Amino acid sequence: MGSIFRSQKMQLVQMIVQNDAAHAVVEAFGEQGLVEFRDLNHGQPFHKRAFTDEVKKCEEVQRKLVALKAALDHENMEINEELGATAGSEELASMLADKEEELHQMTTQELMLKKNHNSLLEQRHVLEIGSKIYAAQAPGTALGGVSGELEMSDFSSSTATSMLSYVAGVMPRLSMQSFQRVIFRSTRGNAIMSSVAVDETLHDYDLKMGEVHEVEKDFFMIFVSGEVLKSKVAKIATYFGGTLYAYPDMAADKAAMAAEVEKRLGESDSILASTATMKRGMLSEVAAQYASWNFAVCKRKMIFDTFNKFDYDVKRKVFVADAWVPESKVYDVYKLLSQATAKAGVETRPVLNLIETKATPPTHLPVDKVCYGFQALVNTYGTPRYREVNPGAFAVILFPFLFGIMFGDLGHGSLLMLFGLSMIRNEAHFEGKKLDDLVEMCYGGRYVIFLNGCFGMYVGLIYNEVFACPMSIWGSGYDWENETIIAPPIFGVEPAWHHAANKISFFNSFKMKMSIIVGVLQMTFGIFLSLLNHLEYKNYLKVCFQFLPELGFFGSIFGYLVFLIFYKWSVPWVELGKPAPSLLTTLINMFMSPGAVALPENADMVLFEGQANVEAVLILVALVCVPLLLFPIPFIESARHEAAQKKKAAYKALHDDGAEEVVAHGEEEHEFSFGDVFVHQAIHTIEFVLGSISNTASYLRLWALSLAHSQLSELFWDDLLVMGALSPKDVGPDGTAVTGPATYIFCWIAVIMWIVISFMVLMVMENLSSFLHALRLQWVEFQGKFYSGDGIKFVAFDFKTIGTEAEL
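None of these values were measured; they are calculated from a predicted model.

Colleague: When you look at the overall build of the chain in this model, what are you seeing that I'm missing?
Modeller: Secondary structure assignment for the chain yields 23 helices and 17 strands. For the chain, whose C-alpha radius of gyration is 40 Å, the value lies well above the compact-globule estimate of 28 Å for 808 residues. Scored against the burial criterion, the 808 residues of the chain give a buried share of 43%. Contacts in the chain between residues far apart in sequence, at least 24 positions, make up 81% of those at least 6 positions apart. For the chain, the accessible area works out to roughly 43400 Å², and carbon and sulfur atoms hold 60% of it. For the chain, the separation between the mean place of its 66 positive charges and that of its 93 negative charges on side chains is 5 Å.

Structure below.
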């Protein structure tokens, strides 16, 4: 567990290589993913860097790829993920530009064809629906000329000699009511308007934006008197988004136009089909090579972005690069650097220098797929500081255990474990595929779900519960006839407690005390982990005046409380013939009335001999630990700073040549401030003292959620299955309950309701609630004792991260 327990030791290296080998060296490191390059041009604007133009060219090519990817997604075409050989950068850029232009022309042509096809559909609806309305509203005289165009240009469908003119077309349904009101007012009621809903969903096409919208439209036909009103109505219809179409007066002309429309619709379908085939053919070629093109472009962009981080020596024609690398990989870096230089044909051997620095190295925690989900939970709070104890190493066990205490049930835990196991066994099906948010979240935390279910089963065995039903796998040591305990249970809680009259009181007391014990032990473990951090950083001042006072204060109060719990459990109070003292009262009197337990009138409150003396010593220890935690560290650090300043002044007096010390970027020393140090230590002291109480009380959520889960499970079981499914619902001739058709119907209904409600409430809501509460205990109560979470994540220069998220 050495690699996940804390960050690997990192080494800052400096590479000096000939410019001719730059591309080969960076490409070799990108393929291996060994180093993280530092930016030696920090603070320099992007547009002033050496390879800005090359990066912009790559971004332009990426823009073309994004456009092609959008077209592939629109056509639901799968991309071939296999990587193959690609053309050079200039040739690839030219080819993608041609592909983008070809796609644009095909898309524009397709939209124009679809728009014309939609116009033909609308014309057909005008002819079909208009024939019914025109037969009832048209004038008796025969009308002349018919326009040959689909959309009217002069809005004339009748001769000038006719007293009654008409306008026909289609309009979006949402605009129809407003259009009718405007027509009525503008014509002063001198218009007859009929409208019918078109039963087919039509479309509106925006050729400029390349957008298509489904629109529900209505057919309308308006009869007016005179050409002036007709022109006015046509303009209003166009303003409201309507499209006007020709409608012949004569039946023969209408039949000829209908035949022409049907003919052109057939031709349009054929042209659209051939256009779609050509487009899919072109996109198929793109889909076959898209992954290779995207990888090549992203790889080239990553290389030039890395070039912009280097420092170049124009005279010697070399580049200088700084990089972080794990200490165990330094030799591999030098070996790879030499091989890449030789492959580039450069005879000059590269130089690799190890640099001593005060800059904080990045945190490198390689994790496998089992620990990935737990490390993600920790990193959500904050990346571990360099060489700080990593909580993710302990979250693998502690987090599922906290979850299991709240979700403890053998049946529910088994279902959760099987769900996680199914996702683990089907990793090949999910890996590398695009998943929706919920499935991706469950798949990423599949091992978290699996271990949560396993610990839920384990704690369920301790509770001796399966779907809220008591079980006795290990047997019972209770004699029901004599109502005495013959032997203690082999494992878990005595099954007889599930049938006792004081069941709720017992489990309340048991789970509450268990929550306190688990919380105090876990937080004490966190305090000891802080000791490992102090020893790693060689901060012995905090070992003496932070770790020891914290351990003394916490142990003297809450460690004593845990001791009282175990001691109270170990004493046979019934045999002694006296009631067991209340632990809460004992702890309160310990601070509010020190020594009062030794008085004769408080004899019933005594747990053990010498209790008053022990409590007096513990109170004294707690009171002494608070000032030890608050005052020594600020004053000692201030004295050390003053001594260092005097030594520095003496050194400057001996070397008064005016030379200034050069400090590398990222290694600046912060100015010491006694006020800041004292305030920080005061905040830490107050937070620890008050937090010890609130954090211990926070662990009572384990008791509350465990009890809620158990009681809800029992409620659903008793009220739905026992009463709803197993109780007879039919009544016999003699008035007694018998099993009949109603019983079977109610049985099936009750079973289905129990399954649905148990799944929604217990397997979903209670599962999520237990997860969030366990996460809170992991983040605040446990990690707050030793974890800073202000580190910088090690992000290796690795081509494998193209198209994926960087590893934790």
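Colleague: It is not clear to me how the packing of helix α15 (residues 503-536) against helix α21 (residues 674-698) should be interpreted in this structure. Could you clarify?
Modeller: Between two packed helices, what matters for the description is the angle formed by their axes and the separation of those axes. As a packed pair, α15 and α21 sit with axes 10 Å apart at the nearest point and diverge in direction by 145 degrees. Between α15, through I516, V520, M523 and I527, and α21, the contact on the second element is made entirely by F688, N695 and T696. Broken down by class, the residue content of the contact of α15 with α21 amounts to five nonpolar, two polar and no charged.

Colleague: Can you walk me through unusual backbone geometry in this structure?
Modeller: Negative phi characterises most residues that are not glycine, and trans characterises most peptide bonds. At R387, a position not held by glycine, the phi torsion is positive, near 65 degrees. On the secondary structure map, R387 appears in the loop between α9 (369-381) and α10 (392-406). In the Ramachandran plot, N464 falls in the positive-phi region, its phi being about 60 degrees despite a non-glycine side chain. If you trace the backbone, N464 turns up in the loop between α14 (446-463) and β12 (465-466).

Colleague: How should the side chain of T363 be read in this particular structure?
Modeller: Here T363 is to be found in the loop between β11 (351-355) and α9. Among the residues examined, T363 registers a relative accessible area of 4% and is labelled buried. Engagement of the side chain of T363 in a polar contact is seen with the backbone oxygen of P384, the distance being 2.6 Å. For T363, the residues in contact, after removing those within four places along its chain, are S7, T383, P384, R385, Y386, G791, I792, K793 and F794.

Colleague: Please explain the side chain of Q783 as it appears in this structure.
Modeller: One can find Q783 in the segment after α23 (741-782). The class of Q783 is buried, set by a relative accessible area of 1%. Beyond its immediate sequence surroundings of up to four residues, Q783 is in contact with V378, Y381, P391 and Q778.

Colleague: Can you walk me through the sheet that holds strand β4 (residues 191-197) in this structure?
Modeller: In a beta sheet, neighbouring strands are held together by backbone hydrogen bonds and run either parallel or antiparallel to one another. Pairing is antiparallel in the open sheet, where four strands are placed in the order β4-β7-β3-β8. At either margin of the open sheet sits one strand with a lone partner, and together these are β4 and β8 (243-244). Sheet topology note: the β4/strand β7 (residues 217-224) ladder contains seven bridges and is antiparallel. In the sheet register, I192 faces β7, and the bridge partner there is F223. In the packing of helix α5 (residues 173-186) onto the sheet, contacts are made with β3 (165-172), β4 and β7, and the angle to β3 comes to roughly 145 degrees.

Colleague: What should I look at first to understand helix α22 (residues 700-722) in this one?
Modeller: An α-helical segment advances 3.6 residues per turn. Residues three or four places apart therefore align on the same side. For α22, which comprises 23 residues, the first-to-last C-alpha distance of 32 Å matches the rise-based estimate of 33 Å (1.5 Å per residue) to within 8%. Burial in α22 covers these residues: R701, L702, L705, S706, L707, H709, S710, S713, F716, L720 and L721.

Colleague: I keep staring at empty space enclosed by the protein and nothing clicks. Help me out?
Modeller: Vacant regions in the atomic arrangement are exposed by a probe of water-molecule size rolled over the atoms. A complete count under the given rule lists two cavities of 30 Å³ or more for this structure. Taken as a whole, the largest cavity spans an internal volume of roughly 40 Å³. As for the largest cavity, its lining consists of E465, A468, C469, P470, H498, K503, S710 and E714. Every element with two or more residues in the lining of the largest cavity is listed here: β13 (469-470) and α22.

Colleague: Whenever I open this one, the pattern of salt bridges confuses me. Can you help?
Modeller: Oppositely charged side chains can pair when the atoms bearing their charge come close. Scanning the entire structure with this criterion turns up 26 salt bridges. R6 is the salt-bridge partner of E536, the closest N and O atoms lying 3.9 Å from each other. Placement of E536 in helix α15 and of R6 in the loop between α1 (2-5) and β1 (10-18) is noted, with a sequence separation of 530 residues between them. A residue is classified by how much of its surface remains accessible, and R6, at 9% relative accessible area, is buried.

Colleague: Just to check I follow, could you spell out the packing of aromatic side chains for this structure?
Modeller: Each pair of aromatic rings is reported with the distance of its centres and the angle of its planes. Evaluated as defined, the whole model comprises 44 aromatic pairs. Pairing F51 with F307 gives two aromatic rings, centres 5.1 Å apart and planes at 50 degrees, and the pair type is tilted. Taken together, the residues F51 in the loop between β2 (36-37) and α3 (52-74) and F307 in helix α7 (residues 251-307) connect sequence positions 256 residues apart. Classification of F307 as buried rests on a relative accessible area of 5%. Here the aromatic rings of W717 and W754 are separated by 5.7 Å at their centres, their planes lie at 80 degrees, and the arrangement is edge-to-face. Of this pair, W717 sits in helix α22 while W754 sits in helix α23, and the two are 37 residues apart along the sequence. Judged by relative accessible area, which is 25%, W717 ranks as partly exposed. Ring pairing ties together the aromatic residues F29, F37, F51, F304, F307, F310, Y312, F319, F797 and F799, which thus form one cluster. Just above the ring of Y443 sits the side chain of R446; from NZ or CZ to the centre is 4.1 Å.

Colleague: Looking at this structure, I do not really get the nonpolar core. What am I missing?
Modeller: Nonpolar side chains in soluble globular proteins generally cluster together in the buried interior. Counting 74 residues, the largest nonpolar core has F374, F399, L402, F553, F554, Y699 and L702 as the members making the most contacts within it. With near-sequence residues (within four places) excluded, L402 lies in contact with V518, Q522, Y699, L702, A774 and L777. A22, V35, C298 and V346 belong to the second largest nonpolar core, which has 33 residues in total.

Colleague: How do you make sense of the packing of α10 against α15 when you look at a structure like this?
Modeller: Following both chains from N to C, one finds α10 and α15 inclined at 165 degrees, their axes separated by 12 Å at the closest point. Judged on the interaxial angle alone, α15 and α10 are roughly antiparallel. Judged by the sense of rotation from one axis to the other, the crossing of α10 with α15 is left-handed. Of α15, the residues touching α10 (which contributes F394, L398, F401, L402 and I405) are M514, V518, Q522, F525 and L529.

Colleague: Would you mind going over α15 with me for this structure?
Modeller: If you check α15, its first and last C-alpha atoms are 49 Å apart, about what 34 residues at 1.5 Å a residue would give, namely 50 Å. Immediately beyond the C-terminal end of α15, within one or two residues, lies K538, with a positive phi of roughly 55 degrees.

Colleague: Which parts of the structure should I look at to understand the environment of P326?
Modeller: Inspection of the secondary structure puts P326 in strand β10 (residues 318-326). Residue P326 is classed as buried on the basis of its relative accessible area, which comes to 4%. As a C-alpha pair, P326 and S7 span 319 residues in sequence and 9.5 Å in three-dimensional space. Apart from the residues within four sequence positions on either side, P326 is in contact with Q8, K9, M10, L34 and H364.

Colleague: What's the story with the environment of I792 in this structure? I'm lost.
Modeller: With respect to the helices, strands and loops of the structure, I792 is situated in the segment after α23. Along the primary structure I792 and T360 are separated by 432 residues, whereas in three dimensions their C-alpha atoms are 8.4 Å apart. Apart from residues lying up to four places away in sequence, I792 is in contact with P362, T363 and T383.

Colleague: Is there a simple way to think about the environment of D332 in this case?
Modeller: Of note, D332 is situated in helix α8 (residues 330-343). Take D332: its relative accessible area is 32%, and that puts it in the partly exposed class. Residues D332 and G88, 244 residues apart in the sequence, show an inter-C-alpha distance of 30 Å.

Rules used throughout
Residues numbered from 1 in each chain as written. Predicted model: local features only at pLDDT ≥ 70, side-chain atom pairs only at ≥ 80, totals over all residues. Heavy atoms only, no water. Helix = DSSP H or I, 4+ residues; strand = E, 2+ residues; numbered from the N terminus. Rg over C-alpha atoms; globule rule 2.2 N^0.38 Å. Buried < 20%, exposed > 50% of the residue type's maximum accessible area, 1.4 Å probe, protein only. Contact = heavy atoms within 4.5 Å. Areas by Shrake-Rupley, 256 points an atom, 1.4 Å probe, with all protein chains shown as cover. Lys, Arg positive; Asp, Glu negative; His and termini not counted. Charge placed at Lys NZ, Arg CZ, Asp CG, Glu CD. Axes fitted to C-alpha atoms, helices over the stretch in contact; angles between N-to-C directions. Nonpolar A, V, L, I, M, F, W, Y, C, P; charged D, E, K, R; others polar. Polar contact = N/O pair within 3.5 Å; in protein donor to acceptor, adjacent residues only side chain to side chain. Pairing = 2+ DSSP bridges. Expected span 1.5 Å × (residues − 1). 1 Å grid on protein atoms, 1.4 Å probe; cavity = no way out; pocket = protein on both sides within 12 Å on 5 of 7 lines; lining within 4 Å. Points joined across faces, edges and corners; volume = space filled by probe spheres on them. Salt bridge = Lys/Arg side-chain N within 4 Å of Asp/Glu carboxyl O. Phe/Tyr/Trp six-rings, centres within 6.5 Å; stacked < 30°, edge-to-face > 60°. Lys NZ or Arg CZ within 6 Å of the ring centre and 35° of its normal. Core = buried A, V, L, I, M, F, W, Y, C linked by side-chain atoms within 4.5 Å. Parallel < 35°, antiparallel > 145°, perpendicular 65-115°, else oblique. Left-handed = near helix turned anticlockwise from the far one by under 90°.

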